[in-house]
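Take a look at the letters that make up each chain.
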Amino acid sequence: MAAVGEDDAAWERAIAAATKNTSAPKTLTLDGAVKSSTGRLPSAALLERFAASLEELSVAGARLSSLAGMPRLPALRRLSLPDNRLSGAAALAAVAEACGATLRHLDLGNNRFAAVEELEPLAKLAVEALDLYQCPVSKVKGYREKVFALIPSLKYLDGVDAEGNERLETDDEEDVEWEDEEEGEEGEDGEGEEGDGEEGDEEDGEDGEGDDDGEEEEEGDEEADDEEDEADDDELDADEEDKENIESKAAGSSVTNKRKRDNDDGTSGDK
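What you are looking at is a predicted structure, and each value in this text was computed from that prediction instead of being measured. (Residues numbered from 1 in each chain as written. Predicted model: local features only at pLDDT ≥ 70, side-chain atom pairs only at ≥ 80, totals over all residues. Heavy atoms only, no water.)

**Points about the environment of His105**
Part 1 of the argument: Assignment of secondary structure puts His105 in strand S4 (residues 105-107).
Part 2 of the argument: For the pair His105 and Arg77, spaced 28 residues apart in the sequence, the C-alpha separation amounts to 6.4 Å. (Helix = DSSP H or I, 4+ residues; strand = E, 2+ residues; numbered from the N terminus.)

This is the structure in structure tokens:
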């Protein structure tokens, strides 16, 4: 029991160091952090607190010989356990129970799996990539054909597909993009709301500019009306002056005619 306590204390320190910047890590890497004296993973309580967020867990070179008591990790997509002492169907049954519904990548390289039959618990999972390099089972005759036949969902075994084509880096990038898309969708919802607000402000601004233009047009119309009124007034003044001139001429003509008649009358009288 003392060894278990010492292991848990060491695991707790390693986990605290790996998660010091976040309380909900998506990735937890404990490679070589602890050399387990019991051959077991950290106690379930130490990992269960991250169950909702943890998508990748790596515990390489920890001298693990058993996965008994592995906690449920319902979001885990990638599990890396290379360079340990794992073997037997029981270890993989624990994996299937803990994260079988979501697991896509499983790295068991350089462990002690020796027979294809030990991989049976993986048959009903949706694992797409499995690594068993440097395991004794990789030397079994017909190893690749048998493993692909056992696990229908499998696309890559030891980094190579069933036709012998090596896995491309783009396949790994697609996994990252899949995760980013989920985060991006959440971010876009918030950005969309902000964008709507900005567009609304821009529209308001454009409306404001339109109002300014309208005011300028109104002012221009008023000035044009004033100019027309002034022109009309000038024309009226000119008409009145013309009228006065005509009347003045008419009056002058009348006086001249009257004087002429008076002169004619005087001349007649003298005769």
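**Considerations on the nonpolar core**
Part 1 of the argument: Counting 51 residues, the largest nonpolar core has Val59, Leu79, Leu130, Leu132 and Val147 as the members making the most contacts within it.
Part 2 of the argument: Where this core is concerned, the elements lending two or more residues are helix H1 (2-18), helix H2 (44-48), helix H3 (89-99) and helix H4 (143-150).
Part 3 of the argument: Among the elements that take part in this core, H3 stands out by supplying 6 residues, more than any other.
Part 4 of the argument: The contacts of Val147, once residues within four sequence positions are left out, are Val116, Leu119, Leu130, Leu154 and Leu157. (Core = buried A, V, L, I, M, F, W, Y, C linked by side-chain atoms within 4.5 Å. Buried < 20%, exposed > 50% of the residue type's maximum accessible area, 1.4 Å probe, protein only. Contact = heavy atoms within 4.5 Å.)

**Considering the UniProt feature "domain: U2A'/phosphoprotein 32 family A C-terminal" (unreviewed entry) in the protein chain**
Part 1 of the argument: UniProt feature "domain: U2A'/phosphoprotein 32 family A C-terminal" (unreviewed entry): in the numbering of this structure it lies at residues 140-158.
Part 2 of the argument: For residues 140-158, the end-to-end C-alpha separation is 14 Å, with 42% helix and 11% strand making up the annotated structure. (UniProt positions renumbered as here; feature names shortened; annotations may be inferred.)

**Observations concerning unusual backbone geometry**
Part 1 of the argument: For Arg63, which is not glycine, the phi torsion reads 65° and is therefore positive.
Part 2 of the argument: Looking at where Arg63 falls in the secondary structure, it is placed in the loop between strand S2 (56-58) and strand S3 (78-80).
Part 3 of the argument: For Asn110, which is not glycine, the phi dihedral falls at a positive 55°.
Part 4 of the argument: Considering the arrangement of structural elements, one finds Asn110 in the loop between S4 and strand S5 (129-131).
Part 5 of the argument: Given a relative accessible area of 30%, Asn110 falls into the partly exposed group.

**Quick look at the environment of Glu48**
Part 1 of the argument: Position of Glu48 relative to the elements: it lies in helix H2.
Part 2 of the argument: C-alpha separation for the pair Glu48 and Met70, spaced 22 residues apart in sequence, amounts to 9.4 Å.

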